[in-house]
Every structure is written in structure tokens, then in C-alpha cells.
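What follows is the residue order along each chain.
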Amino acid sequence: MRTKGTAFGLFIDEMQDLDPDLLGALLAVQHRASQREWPFFVIGAGLPSLPAVLADSRSYAERQFSYRTIGPLSPTDAADALRVPVEAHGGAFTPEALEIVVEASGGYPYFLQEFGKAIWHTAPTSPFDTEDAHTAVEEGRRALDDGFFPSRWTRATDRERRYLRAIAATGETTPRSGKVAAAMG
């Protein structure tokens with residue numbers, strides 16, 4: 001492949017959930033490819049726990065990857081993520097409706113996706129107005145409650161669940177770690 005100027009890239013989403021044996025094998029192959037300068041690359045995406053999962057699998061994993069943290073979208077980018085595809089299909093948002101959906105999403109792409117899908121399917125007409133936006137946020141949250149959050153909870157360890165309960169017990173949106181630690185006793 002190198003002589004032809006090509007490479008092989010393996011893209012993996014939710015990489016932290018890979019079977020430990022498979023993850024170990026991929027890391028070993030990537031390590032060997034790097035040593036031999038083969039054009040083989042593993043590109044992974046996952047939760048913030050991914051670097052620790054990789055390091056637990058192979059001690060050298062922390063040196064194998066370049067890590068990037070991707071946070072929420074800016075309000076402008078979040079608005080564009082909703083507005084552009086809607087306009088491409090002949091729809092529109094009122095400015096107020098767009099602001100409601102963007103704010104409710106916190107800029108989190110998956111929430112934007114759920115709220116956008118909900119407004120597209122529930123609004124009777126375009127442009128989407130504030131009533132449509134509130135309905136979409138309610139429907140989107142219901143979809144998240146039924147699908148996204150339960151699957152995350154199911155995969156969480158007992159310790160992670162205890163931590164999540166402590167976060168919720170603070171009653172704050174973004175509690176400081178000291179407050180969470182106090183809630184955990």
C-alpha cells in the first residue's frame with residue numbers, strides 16, 4: 001500500500017465498548033504497523049473514559065494515539081446543524097424556535113439530532129414556531145429517556161452508577177467534583 005500511496009484506516013465509534021480481546025488485538029496490530037511504518041491506522045471515537053480503557057488494554061496505548069476532546073457545538077454551529085438541512089428540504093425555523101431547540105440541546109449533537117427529528121415529524125407547518133419547538137424538545141427528551149439514557153445506565157459499572165446518583169443528588173447541572181465527592185460520602 002505504501003508504494004501505491006494508499007493507506008488502510010479502521011474507524012471505530014464507541015471504541016470503549018469493544019470486546020477486550022478484540023481491542024487488545026487491534027492495539028497490537030496498530031503498534032506493529034507503526035514499528036514497521038505500515039500505512040495502517042486505527043481511528044477511534046468514544047467517551048472520555050476511552051484513554052483509560054486503551055491504557056488498561058495495552059500499557060503502550062497512551063503513546064499510540066493522539067487524543068482530542070470534542071465538546072458541545074457552539075450555539076451558532078448548533079443552529080446551523082438544525083437550520084441548514086431543514087432549509088435544504090424547504091422548511092424553516094422562526095428565530096425564537098431555533099433558539100429554544102439549540103438551548104435545550106446544550107449543543108450536544110445527538111440531542112440536536114433527536115430534537116430536529118422530532119420537530120420535523122411533529123410540526124404541522126413550516127416555519128417551525130415556538131410551540132413546535134417546545135413540542136419537539138418534549139418529544140426529543142422522551143426519545144432520549146427511552147433509548148439513549150437507559151442504554152448508558154445499563155452499561156455503567158456499579159461505581160459509575162453511584163457517581164451518577166451523586167451528581168443527580170447535588171441538584172446542579174454542572175456540580176463541582178468536591179460536591180459530588182461529598183454526596184458520595
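Quantities reported herein were computed from a predicted structural model and do not represent experimental measurements. (Residues numbered from 1 in each chain as written. Predicted model: local features only at pLDDT ≥ 70, side-chain atom pairs only at ≥ 80, totals over all residues. Heavy atoms only, no water.)

Here we look at the overall build of the chain
- A count of helices and strands for the chain gives 9 helices and 2 strands.
- Seen in sequence order, the chain has helices and strands lined up from the N terminus as β-α-β-α-α-α-α-α-α-α-α.
- The C-alpha atoms of the chain give a radius of gyration of 21 Å, which is well past the 16 Å a tight globule of 185 residues would have.
- By principal-axis analysis of the C-alpha atoms, the chain measures approximately 60 × 55 × 25 Å.
- In the chain, which comprises 185 residues, the proportion classed as buried is 28%.
- For the chain, the share of sequence-separated contacts (at least 6 apart) that also reach a separation of at least 24 residues comes to 62%.
- Accessible surface computed for the chain: about 12,400 Å², of which carbon and sulfur atoms make up 55%. (Helix = DSSP H or I, 4+ residues; strand = E, 2+ residues; numbered from the N terminus. Rg over C-alpha atoms; globule rule 2.2 N^0.38 Å. Buried < 20%, exposed > 50% of the residue type's maximum accessible area, 1.4 Å probe, protein only. Contact = heavy atoms within 4.5 Å. Areas by Shrake-Rupley, 256 points an atom, 1.4 Å probe, with all protein chains shown as cover.)

Regarding the packing of helix 1 (residues 20-35) against helix 2 (residues 50-57)
- Between helix 1 and helix 2, the least distance of the axes is 9 Å, while the angle of their chain directions is 80°. As judged from the angle between their axes, helix 1 and helix 2 are roughly perpendicular. The residues of helix 2 that touch helix 1, namely those facing Pro 20, Leu 23, Gly 24 and Leu 27, are Val 53, Leu 54 and Ser 57.
- Here the contact of helix 1 with helix 2 is composed, by residue class, of 5 nonpolar, 2 polar and no charged. (Axes fitted to C-alpha atoms, helices over the stretch in contact; angles between N-to-C directions. Parallel < 35°, antiparallel > 145°, perpendicular 65-115°, else oblique. Nonpolar A, V, L, I, M, F, W, Y, C, P; charged D, E, K, R; others polar.)

Description of unusual backbone geometry
- Across the junction of Ser 126 and Pro 127, the peptide omega takes the value 10°, indicating a cis bond.
- Secondary-structure assignment places Pro 127 in the loop between helix 6 (109-122) and helix 7 (130-155).
- Its identity as a non-glycine residue notwithstanding, Glu 14 has a phi of 55°, on the positive side.
- Mapped onto the secondary structure, Glu 14 falls in the loop between strand 1 (8-12) and helix 1.
- One non-glycine residue, Glu 37, lies in the positive phi region at around 60°.
- As for its position among the elements, Glu 37 is in the loop between helix 1 and strand 2 (40-44).

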